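# Examining the three-dimensional arrangement
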Protein chains: 2
Amino acid sequence: MAKPRAPKKTNKRPAAKKSLGHGTKLKVGLVGFGTVGSSVAKIICQDADGPLQLTHIFNRNIERKKIDGLPTHIRWTSKIHEVLSSDVDVVVELIGGIDPSGRWVRQALRSGKSVVTANKLLVSESGPELVDLARKMGKRFEFGASVAGGIPAVIGIQEGLAGDRLHRIAGILNGTCNFILTEMEAHERSFETALKEAQARGYAEADPSSDVDGIDARAKLVILTQAGLRLRVRSEQIPCRSISLIAAVDFMYARELKCAIRQISVAQKNTSQGVRLAAAVQPALVPEDSLVAHAHGSENLVMATGEFAGRMVFSGYGAGGDPTAVAVISDLYTIARTAGAPPEALPGAAEVPDSVSGDFTVPHYLRFTVRDRPGIVASLATILAKYGISIDALLQKPGFPHSALSFVMTLEACDSAVLNRALEEIARLDFHVERPLCLPIFVD
Amino acid sequence: MAKPRAPKKTNKRPAAKKSLGHGTKLKVGLVGFGTVGSSVAKIICQDADGPLQLTHIFNRNIERKKIDGLPTHIRWTSKIHEVLSSDVDVVVELIGGIDPSGRWVRQALRSGKSVVTANKLLVSESGPELVDLARKMGKRFEFGASVAGGIPAVIGIQEGLAGDRLHRIAGILNGTCNFILTEMEAHERSFETALKEAQARGYAEADPSSDVDGIDARAKLVILTQAGLRLRVRSEQIPCRSISLIAAVDFMYARELKCAIRQISVAQKNTSQGVRLAAAVQPALVPEDSLVAHAHGSENLVMATGEFAGRMVFSGYGAGGDPTAVAVISDLYTIARTAGAPPEALPGAAEVPDSVSGDFTVPHYLRFTVRDRPGIVASLATILAKYGISIDALLQKPGFPHSALSFVMTLEACDSAVLNRALEEIARLDFHVERPLCLPIFVD
């Protein structure tokens, strides 16, 4: 559907004086034309009467990317400077990664353009700096699409809950991991089989490590920690553990415990002695009647807990072209409605915590796979007792061979750092067939 | 904790030039000092370094309301003009109802103040007009607290999902009803007993009709329909049915059907032939593994379904002093961060739908209580067949007396308007001990 040229297209007033009510549109330049980019282009161009006008599309090898059906006035280019030196009001950065996207975003901001991005790596590394740079230029830097795609988690937490004092952010921030784990759960599949299924359906990349090992979710957790807990933390300070450690047997035991297994990202602020942050991305047990266990397939879910409003939950489809495009377009609307003017900073900038650790005091699940012989439980219990850790329950399903018997212990709440020391000692015992698996149990 | 006087308190620059970064605070006048008002006052005054300064508190019989511990510079008054003619930047209206609150809100806006309100009746009746009036004055009218208290549903839907085209809003918008229904469900109680429990705990008023009959939820549904579906509808166009129709026996049968019973508010936009809105507030069956069934006690939940991002869910505590105060404070922060300047209107104002009805084409649950005799099911089935309605299942638990036997029929998806005509005919049959109960079954 061809869009008629917008009236006043030659109007050269600066963005700050534009009025949505008078037919002047926000000129948008797209940098990156993959799945999300083409969704953004489609949605903008479908709404010919809307406040947005797509004027430039940049991609490498643009000739291969060109599609029919978009308005003919759009400038398709493989030269980034054609976008950055153009009269677009907003650059939408959708190429991802740190370089060259970071350079281009800074260049766009410095030349007085607003920027919208879905780039979680860039925002987790440089978000506050880019917000400051935009504010100095009197422009906006918006990144709602960088976390949980279509779920308005960033605006919900940063603005909708601004009046609370949040102390905990937790959730399911990676749809690929959630697909793999719920697939393992529903069809009693191995991790490898579920991963192949995810790859076949296009939910996982050929190299799935960024998703599976927690790197992707961690970048989003950093962004939410900044937006919600108002703490500045670097990705590398937050420990990640891979979901590839999870075997079908763990789902069998989790079911006995009325639990599900999910990749959980948590950041928890404690201000009782200085400002301490506990944060980690890892597979964990969650009660099967909890909201997190309810997130199926590629769904995402963000929980924010505050001093006054209690626990708020945002959930929905966090990835994919269309949901992520909705977040991009919503940010573009915000820029259109404010003529690109940035909001004032809240007083008291985000602070750097005094300490960051991956340790939580919660119940734990331990799965051992051993060559069976008398005295195994006794030696485990002895070591745990030495560290002051109490066993809650012991589960052993029938049917395992003596040469590789898998059984499970649940522990009462204990500090995971102390438990890890106990586990180092336990790992040196001679009956293990594989390294014991330790998962936290998060009850909300 | 006494708050030191803010620096530059005598600064007379207009609000639009204030800068959060330079110690000038947003002066706030509270109109109404009940549960929410005192929470708002507490949160503002706890944050002495924050961007807000509470300067006036209005209430009738203010002497009885005065509490210790708030800064001494606050002006306590029973004369509304002392707030409206003061130099406050924002009036926070927390008295509820249409009059005098509507007059006072208009007066505040006309005198160049922004307004924040939690008043769902006023916003459902006059929200768009008040937003327009505020915009004309270059000020903001914010009402995030009017729906679902602490849950940032209004900002999430109106701004976070602005880039989508929403066609359905549904959810649990009244915590009192949800408390009563989950109480009936968990403890097999009658409606009357559960209502008394809710009143004893302060969750329900002495006259509970506004909650129980759906009037309260309907006002919130009108606001969300405006914000999300961009349709203007009047409360009285939306049919409501009371949850007092639900008996303990309905929970017994619902459980057989793997369902829960909740007060569900739904608004659904259909644009295939003109713009039609189907909207209603009523008790309904929902699958027990659905997210709505998961909302327990006084929790609220809002689902928004869009063309691009699919279904998004927001949930949390929707009522109570502190959660509602969080929504008020978040709106005050937005005003502080934008120096009170309103965003531009989105192009294409909300439209008036061509038709509004309470009819949905969904499966239904029918519960009959009859004097048992042969041929009852045959006569019911004959009438339903005449209207083209198919029976899905028939359930009859043992143990009822012949003089008052309760049994249940579930129907395949049918239009509720057609079903209502069939039910009128059915109600004239002579075997009923009480009027048949008809509930829709909403599967998402």
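## Observations regarding the sheet that holds strand 13 (residues 361-370) of chain B
Hydrogen bonds between backbone groups are what pair the strands of a sheet, and the pairing can be parallel or antiparallel. All names here are of chain B. Taken in spatial order, the four strands of this open sheet run 14-15-13-16, and their pairing is antiparallel. The outermost strands of the open sheet, each flanked by one partner alone, are strand 14 (391-395) and strand 16 (432-440). For this sheet, the mean inter-axis angle between neighbouring strands, taken without regard to orientation, is 15°. Of the pairings in the sheet, the one linking strand 13 to strand 16 comprises six bridges and is antiparallel in character. When the sheet's bridge partners are listed, Val 370 is paired in strand 16 with His 432. Helix 11 (residues 248-256) rests against strand 13, strand 14, strand 15 (405-415) and strand 16 of the sheet, and its axis sits at about 130° to strand 13.

## Quick word on the relation of the copies chain A and chain B
When chain A is brought onto chain B, the operation consists of a screw motion whose angular component is 180° and whose axial shift is 0.0 Å, with 0.0 Å RMSD remaining. The relationship between the two copies is best expressed as a two-fold rotation axis. Residues of chain A ranked by C-alpha distance from the rotation axis are headed by Phe 314 of chain A, positioned 2.3 Å from it. In this assembly the copies share their binding face: 100% of the residues contributing to the interface of chain A also contribute to that of chain B.

## Comments concerning the side chain of Ser 416 of chain B
Along the chain, Ser 416 of chain B turns up in helix 14 (residues 416-427). When its relative accessible area of 10% is taken as the criterion, Ser 416 of chain B is described as buried.

## Here we look at the packing of aromatic side chains
Residue and element names in this part refer to chain A. Under the counting rule described, the total for this entry stands at 15 aromatic pairs over all chains. Look at Tyr 253 and Phe 400: their rings are 6.4 Å apart centre to centre, the planes differ by 15°, and that puts the pair in the stacked class. Of this pair, Tyr 253 sits in helix 11 (residues 248-256) while Phe 400 sits in the loop between strand 14 (391-395) and strand 15 (405-415), and the two are 147 residues apart along the sequence. Assessed through its relative accessible area of 23%, Phe 400 is described here as partly exposed.

## Observations regarding unusual backbone geometry
With an omega of 10°, the peptide bond running from Asp 99 of chain A to Pro 100 of chain A counts as cis. The phi dihedral of Asn 61 of chain B falls on the positive side, at around 45°, and the residue is not glycine.

## A word on the domain arrangement of chain A
Where the parts come together, the accessible area they lose is often given as the size of the interface. All names here are of chain A. Taken domain by domain, chain A consists of domain 1 (15-146), domain 2 (153-317) and domain 3 (361-440). If you average the C-alpha positions of domain 1 and of domain 2, the two centres end up 29 Å apart. Across the boundary between the two partners, domain 1 contributes eight residues, which contact 10 residues of domain 2. Approximately 770 Å² of surface area, both sides summed, lies buried where domain 1 meets domain 2, with 69% of it carried by carbon and sulfur atoms. Contact with domain 2 buries area across many residues of domain 1, yet Lys 120, Ser 124 and Pro 128 alone supply 57% of it, more than any other trio. For the pair domain 1 and domain 2, the number of links is one salt bridge. One salt bridge connects Asp 216 with Lys 120, and the closest N-O pair in it is separated by 3.2 Å. Where domain 1 meets domain 2, there are one residue pair in polar contact (both at pLDDT 80 or more).

## Things to note about helix 7 (residues 175-187) of chain B
Residue and element names in this part refer to chain B. Along its 13 residues, helix 7 runs 18 Å from first to last C-alpha, staying within 8% of the 18 Å computed at 1.5 Å per residue. With 11 of 13 residues buried, helix 7 lies mostly within the body of the structure. Looking at helix 7, one finds that the buried residues are Gly 175, Thr 176, Cys 177, Asn 178, Phe 179, Ile 180, Leu 181, Thr 182, Glu 183, Met 184 and Glu 185. Its buried side turned inward, helix 7 meets strand 7 (166-172), helix 8 (191-200), helix 9 (209-212), helix 11, strand 8 (259-270) and strand 10 (299-306). Its side-chain oxygen 3.1 Å from the backbone nitrogen of Thr 176, Asn 174 forms the N-cap of helix 7. In the stretch just after helix 7, Glu 188 is the one whose phi turns positive, near 50°.

## So, the interface of chain A and chain B
Listed by partner, the interface residues are 51 residues for chain A and 51 residues for chain B. Between chain A and chain B, roughly 4300 Å² of surface is buried when both sides are summed, and carbon and sulfur atoms account for 60% of that area. It is Phe 308, Arg 337 and Glu 344 of chain A in chain A that bury the most area against chain B; as a group they hold 18% of the surface buried on that side. The interface formed by chain A and chain B holds zero salt bridges in total. Linking chain A with chain B are 14 residue pairs in polar contact (both at pLDDT 80 or more), by the criterion used here. Going through the elements one at a time, helix 1 (35-46), helix 6 (153-160), helix 12 (291-294), strand 11 (310-317) and helix 13 (321-337) of chain A are the ones with two or more residues in the side of chain A that touches chain B. Per-element tally for the side of chain A that touches chain B: the top contributor is helix 13 of chain A, with eight residues. Classifying every residue of the side of chain A that touches chain B gives 24 nonpolar, 13 polar and 14 charged. Relative to strand 11 (residues 310-317) of chain B, strand 11 of chain A is paired through three bridges, and the arrangement is antiparallel. Paired with Ser 315 of chain A across the strands is Val 313 of chain B, a residue of strand 11 of chain B.

## Observations regarding the pairing of strand 10 of chain B
Residue and element names in this part refer to chain B. Most of strand 10 sits inside the fold, with eight of its eight residues counted as buried. Where burial is concerned, the two faces of strand 10 agree: the one with Glu 299, Leu 301, Met 303 and Thr 305 and the one with Asn 300, Val 302, Ala 304 and Gly 306 are both buried. Taken together, the six bridges between strand 7 and strand 10 define a ladder with antiparallel strand orientation. If you follow Leu 166 over to strand 10, its bridge partner there is Gly 306. The turn linking strand 10 back onto strand 11 is made up of three residues.

Reading the values: rules and limits
- Positions within a chain are numbered from 1, following the residues in the order the chain's sequence is written.
- All chains are assigned letters beginning with A, and all ligands numbers beginning with 1, in the order in which they are written.
- Local features are withheld for residues below a pLDDT of 70 in this predicted model, meaning they are given only at 70 or higher, and side-chain atom pairs are given and counted only at 80 or more; totals for whole chains, interfaces and linings count all residues.
- As a rule here, side-chain values come from all non-hydrogen atoms in the structure, and water together with hydrogens is ignored.
- Only when DSSP finds a minimum of two bridges between them are two strands counted as paired.
- Elements are defined by DSSP. Helices are runs of H or I of four residues or more, strands are runs of E of two residues or more, and each kind is numbered from the N terminus.
- Interaxial angles span 0 to 180 degrees and are taken between N-to-C directions of axes, which are lines fitted to C-alpha atoms, for helices over the stretch in contact.
- Throughout, a residue-residue contact means that at least one pair of heavy atoms, one from each residue, lies within 4.5 Å.
- For the least-squares superposition of copies, only C-alpha atoms count, and only for residues with pLDDT at least 70 in both.
- For the exposure calls, accessible area comes from a 1.4 Å probe over protein chains only, and a residue counts as buried if that area is under 20% of its type's maximum, exposed if over 50%, partly exposed in between.
- Between the rings of Phe, Tyr and Trp (Trp by its six-membered ring), a pair exists once the centres lie within 6.5 Å; its type follows the angle of the planes, with under 30 degrees stacked, over 60 edge-to-face, and the other angles tilted.
- Residue ranges assigned to each domain were obtained from an automatic or database domain assignment.
- Buried area is understood as the total, over both parts, of accessible area removed when two parts are fitted together, assessed with a 1.4 Å probe.
- Salt bridges, as used here, are contacts in which a Lys or Arg side-chain nitrogen is within 4 Å of a carboxyl oxygen on Asp or Glu.
- Polar contacts, as counted here, are pairs of nitrogen or oxygen atoms within 3.5 Å of one another; within protein the pair requires one atom able to donate a hydrogen and one able to accept it, and residues that are adjacent in sequence qualify only if both atoms are side-chain atoms.
- In a helix, the anticipated span is given by 1.5 Å times the number of residues less one.
- Residue classes follow a fixed rule: Ala, Val, Leu, Ile, Met, Phe, Trp, Tyr, Cys and Pro count as nonpolar, while Asp, Glu, Lys and Arg count as charged, and any other residue, Gly among them, counts as polar.

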